[in-house]
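Observations on chain architecture
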Amino acid sequence: MAQFKHSEIEAKWQKKWEQANCFAAVTGSAKPKFYCLVEFPYPSGQGLHVGHPRPYTALDVIARMQRMRGYNVLYPMGFDSFGLPAENYAIQHQVHPAVITAENVERFTKQLKRLGLSFDWEREIRTSDPEYYKWTQWIFLQMFKHGLAYKKEMAVNWCTSCKCVLANEEVVGGTCERCHSEVVQKLKSQWMLKITAYADKLLEGLEHVDYIPQIKMQQRNWIGRSVGAEIDFKTLNAKSTNSEVITVFTTRPDTVYGVSYVVLAPEHPYVEQWLQNKLITNVEEVKDYQAQAQKKSDFERTELAKDKTGVKLDGVTAINPVNGKEIPIFLSDYVLATYGTGAVMAVPAHDSRDFEFAKKFNLPIQQVIKAANSETTELPFVDYEGVLINSDILNGLTVEEAKERMIAYLEEQGYGRKKVNYKLRDWVFSRQRYWGEPIPVVNCPKCGYVALPESELPLVLPELERYETTDNGESPLAKQTAWVNTTCPECGGAASRETDTMPQWAGSSWYFLRYLDPHNDKEFASKEALNYWMPVDWYNGGMEHTTLHLLYSRFWYLFLRDIGAVPTDEPYAKRTAHGMILGEDGEKMSKSRGNVVNPDDIVNDYGADTLRLYEMFVGDFEKVAPWNTRGVRGCHRFLERVYSLPDFLEAGQNVKVDADGYGLDIQTKMHQSIKKVGSDVMNLKHNTAIAQLMTLTNAFYERKAITRAELRTFLILLNPFAPHLTEELWEQAGFSVNGSLLATETWPTYDEAKCVEDEIEIAIQVNGKMRGTIKVAQTAEADAIKALAKQDEHVQSYLAGKQLVKEIYVPKRLVNFVVK
């Protein structure tokens, strides 16, 4: 087999594609549009890793095929270039974040172009470009003007070393995931976005989009809509006649007769109030528990598998409103002050978590539901198929009947009310950092928070010499008095700029819209571009972004829809996700494990086409896959075989062909391949599409001949996977007309009738066990097939000397002889 010089070939065709601008999308084209999108990367100093090419190549294969099918394809790329890593590097090396970001972007761009990805580079965007974040600020101002952006003092995760607010996902074991320093809870005034106002719209929209089931499930669970009741529990104490009311939210009001204790979040305001009023007698025990809870993230506190901890409040109790029983009050860190009311009623007989807690603290367990069809019920009984017992007015009712009856009773007696609740909380939007979008708001002593006039956008970051957060936890911008001090846009008086910046999620919440019209300085995108391109036809990204970026960007888009700025109900018509590439040891790639594979090394040694082919062939796209160097070499050998296929052209002149120019002996394989590759690509089954092309290649090698029509079709089918090599062979074979590119050719069509095999394989069983196979004509009759099956030498040995009781024929599948 001939060895192709991949470096020369790939550089040659990448240059030709760029010169021809053949991947440019044209707004307003008469062709049907296809907007194909992958999540843009953060340009880290490490450059691309081998995980990046997997989704980029998968969508590139789709984009290339859709262009050949006559679509006007938009396949853009950009960089999510604001963020903490660049700022930390700037602090450590005293280099401006913009400088290191530009260097990283340049490196990423060079690597991406070496992979032969068909991005429309004329539409490249960077979220840290002032001409880009001008519109991020504009969208924020619209939210502010519509009451969706507000400031609130709240407890946040605070890294004592990075001196900034961390998201829950960034806290591991009570420490910062980046620097491993202690994380504490700290009260800070934060900008919030009211995503909860869109909870129902975000849920309803999922009914009208083509997302893989896991994504829809994760979004629904994250939003966590639940219908139930708020119930008021009065409190008692020995030192005061005042009775505070603890309001709890529950989805199971039917179980209220089984409540044996109430649990408060350690941060619940009543706890501080009772401590100050000396109503709680075990003060040190309570304060110690509160201090321990502060060191944990919300994720750690609510983990189901963790050991249940808590402390009883001595001196204060609660009253169950429906039966008047006095019950204890506990603190436990699994209850969050920011979810619901910060309090829960505990029904240990019918909740696994409450049951474990009650067992640990020796608390009463009162059963109020029994299994409908059983006298004995093992506790905890959490099944909804039950009947109420020990519940006064609810006895004998089903769970669903009891819910409705109890809500009505609570409302009649003034003990509670029906309520819809959500797990989703408003988005903590501000960061005490430099390298992010300035928040375009000023704080005026007279007017309060006032929006910056849109004519003053973008509000550009000032130049700094140092980027550290201040000792009191303020953004480094707070020290820039010349920038901070300004005038109020409303009253003209002295005012100060907001010094917090936006999180990295801000720029990525709308970037797919800027791709449509990236050089527009009058609006974030023209109506023409929005109406032509939206929605995104296919969006692929990581599962780790399902409940953050994907939810945030849908929220921003739904808001823009509500103010008439975008034309469709949802931003993404289709969303898929990919599995990560693991190291050869089956572990996640990391420098510490020494199992990281640099894609540059693979491209240098084997070529971009080999890397592309391998990552598409490695396995199910949605599942994780371990790296395998032998597999890389195998894909390279396959491409070498392809490179030698033109050697068989001369022998192909003697092959008897059909009207399409395909050999009569393999015309079925040709049509099957066209059908299968096209179908598999659109179903992200790239691995089986490649397997089909390998099978077709084997057929050419077996007969040592290939016709020009077969070679032409084969090169088109392989082109989306290995674009450089196929372009080279296309040119060598003389298929190029006046310098035309294979990338712009038309995708072949298949004849469904010619996809059907002339022969089918029939399995032969004796007493249900497989004993052989035969090949018969598609049109063969049942009696003829059974007769042929009996003549099989291997089968005859199982029939000899036996009485044939029955002959079973399953059309086009099997024959089964029953003997005794």
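Reading guide: rules and limits
- Residues numbered from 1 in each chain as written.
- Predicted model: local features only at pLDDT ≥ 70, side-chain atom pairs only at ≥ 80, totals over all residues.
- Heavy atoms only, no water.
- Helix = DSSP H or I, 4+ residues; strand = E, 2+ residues; numbered from the N terminus.
- Buried < 20%, exposed > 50% of the residue type's maximum accessible area, 1.4 Å probe, protein only.
- Contact = heavy atoms within 4.5 Å.
- Areas by Shrake-Rupley, 256 points an atom, 1.4 Å probe, with all protein chains shown as cover.
- Lys, Arg positive; Asp, Glu negative; His and termini not counted.
- Charge placed at Lys NZ, Arg CZ, Asp CG, Glu CD.
- Expected span 1.5 Å × (residues − 1).
- Arc of directions from axis to C-beta.
- Phe/Tyr/Trp six-rings, centres within 6.5 Å; stacked < 30°, edge-to-face > 60°.
- Core = buried A, V, L, I, M, F, W, Y, C linked by side-chain atoms within 4.5 Å.
- Pairing = 2+ DSSP bridges.
- Axes fitted to C-alpha atoms, helices over the stretch in contact; angles between N-to-C directions.
- Parallel < 35°, antiparallel > 145°, perpendicular 65-115°, else oblique.
- Left-handed = near helix turned anticlockwise from the far one by under 90°.
- UniProt positions renumbered as here; feature names shortened; annotations may be inferred.
- Salt bridge = Lys/Arg side-chain N within 4 Å of Asp/Glu carboxyl O.

As recorded in an unreviewed UniProt entry, the protein goes by the name Leucine--tRNA ligase, listed as coming from Amygdalobacter nucleatus.

It is worth spelling out the overall build of the protein at this point. Along the backbone of the protein there are 27 helices and 30 strands. Counting only C-alpha atoms and orienting by the principal axes, one finds that the protein spans roughly 105 × 85 × 50 Å. Of all 820 residues assigned to the protein, the portion counted as buried reaches 55%. Across the protein, contacts joining residues at least 24 apart in sequence account for 72% of those joining residues at least 6 apart. For the protein, the computed accessible surface area is about 35,800 Å², with 48% contributed by carbon and sulfur atoms. For the protein, the separation between the mean place of its 94 positive charges and that of its 107 negative charges on side chains is 2 Å.

Its 15 residues give helix H12 (residues 399-413) an end-to-end C-alpha distance of 21 Å, which sits within 8% of 21 Å, the value for a rise of 1.5 Å per residue. Buried residues of H12: Val399, Ala402, Lys403, Met406, Ile407, Tyr409 and Leu410, and no others. One face of H12 carries all of its buried residues, which in axial projection span an arc of 165°. Summarising the geometry of H12, the exposed residues directed more than 90 degrees from the buried face are Glu404 and Glu412. In this structure, the buried side of H12 is in contact with strand E9 (226-237), strand E15 (369-371), strand E16 (386-388) and strand E17 (416-421). Phi turns positive, to about 80°, at Gly414, one or two residues after H12.

Turning next to the packing of aromatic side chains. On inspection of all chains with the given rule, the structure shows 45 aromatic pairs. Ring centres 5.1 Å apart and planes at 85° place the aromatic pair Trp427 and Phe429 in the edge-to-face group. Taking 5.6 Å as the distance between ring centres and 70° as the angle between the ring planes, the aromatic pair formed by Tyr511 and Tyr515 counts as edge-to-face. Here Tyr511 matches Tyr515 in class, with each residue buried. Through pairs of rings, three or more aromatic residues link up here, namely Phe140, Phe144, Trp191, Trp427, Phe429, Tyr449, Trp505, Tyr552 and Trp556.

With that out of the way, let us pick up the nonpolar core. Formed by 175 residues in total, the largest nonpolar core has its most connected members in Phe140, Leu513, Phe524 and Phe721. If we skip the residues at most four places from it in the chain, Phe524 touches Trp135, Trp138, Trp510, Leu513, Arg514, Asp517, Leu530, Leu560, Ala565 and Val566. Counting 41 residues, the second largest nonpolar core, distinct from the first, contains Ile231, Val322, Val368 and Ala371.

Reading across the sheet, the four strands line up as E4-E3-E7-E18 and stay open at both edges, with antiparallel pairing between neighbours. Whereas interior strands pair on both sides, the edge strands pair on one side only; in this sheet they are strand E4 (164-166) and strand E18 (427-428). Inspection of the sheet shows strand E3 (residues 149-159) paired to E4 by three bridges, in the antiparallel sense. Across the sheet, residue Asn157 finds its bridge partner in E4, namely Leu166. Strand contacts of helix H5 (residues 130-145): E3 and strand E7 (183-193), with the helix running at about 85° to E7, the strand carrying the most contacts.

Look at helix H23 (residues 686-703) against helix H24 (residues 708-718): their axes get within 11 Å of each other, and the N-to-C directions meet at 155°. When the axis of H23 is compared with that of H24, the two are roughly antiparallel. The chirality of how H23 crosses H24 is left-handed. Contact with H23, carried on its side by Leu693, Leu696, Thr697, Phe700 and Arg703, involves Glu710, Phe714, Leu717 and Leu718 of H24 and no other residues of that element.

Note: E3 against E7, 11 bridges, orientation antiparallel. Within the sheet, the bridge partner assigned to Met154 lies in E7 and is Lys188. For E7 and E18, the ladder comprises two bridges, and the chain directions are antiparallel. Pairing of Met192 across the sheet is with Val428, part of E18.

So, on to unusual backbone geometry. Note the cis peptide between Leu457 and Pro458, where omega equals 0°. Looking at where Pro458 falls in the secondary structure, it is placed in the loop between strand E20 (448-451) and helix H13 (481-484). The amide bond that connects Met534 to the next residue, Pro535, takes the cis arrangement and shows omega of 0°. Note that Pro535 resides in the loop between helix H16 (527-533) and strand E23 (538-542). Even without a glycine there, the phi angle at Lys704 is positive, about 55°. Exposure remark for Lys704: the relative accessible area of 54% places this residue in the exposed category.

Within this structure's numbering, the places UniProt gives as "domain: Aminoacyl-tRNA synthetase class Ia" (unreviewed entry) are residues 12-219 and 423-614. Here residues 423-614 runs as 25% helix and 15% strand, with 42 Å between its end C-alpha atoms.

Let us now look at the side chain of Thr707. With respect to the helices and strands, the residue Thr707 is situated in the loop between H23 and H24. Accessibility expressed as a relative area gives 5% for Thr707, which makes it buried. Dropping the residues within four chain positions of it, Thr707 is found in contact with Leu649, Gly652, Val655, Val657, Gly661 and Tyr662.

Taken together, four strands build an open sheet; the order of strands is E20-E19-E22-E21 and the sheet is antiparallel. A single partner strand is all that each edge strand has here, and the edge strands are E20 and strand E21 (485-487). Recorded for the sheet is a direction-independent mean angle of 45° between the axes of neighbouring strands. Strand direction decides the pairing type here: strand E19 (residues 441-444) and strand E22 (residues 494-497), joined by two bridges, are antiparallel.

On to the UniProt feature "binding site: ATP" (unreviewed entry) in the protein, then. As annotated by UniProt and renumbered to match this structure, "binding site: ATP" (unreviewed entry) occupies Lys591. With respect to the helices and strands, Lys591 occurs in the loop between strand E25 (581-582) and helix H18 (599-606). Apart from residues no more than four positions distant in its own chain, Lys591 is found in contact with Gln46 and Val596.

With the rule as written, the count across this model stands at 37 salt bridges. A salt bridge links Glu39 to Arg575, with the shortest nitrogen-to-oxygen separation between them at 2.9 Å. Separated by 536 residues along the polypeptide, Glu39 in the loop between strand E1 (33-38) and helix H2 (53-68) and Arg575 in strand E24 (residues 574-578) bring together distant segments of the chain. We note a salt bridge from Lys360 to Asp307, for which the minimum N-O separation is 3.2 Å. You can see Lys360 sitting in helix H11 (residues 352-360) and its partner Asp307 sitting in the loop between helix H10 (298-301) and strand E12 (311-319), a full 53 residues away along the chain. Given the relative accessible area of 54%, Asp307 is considered exposed. One network of salt bridges, with partners in common, ties together Lys201, Arg561, Asp562 and Asp569.

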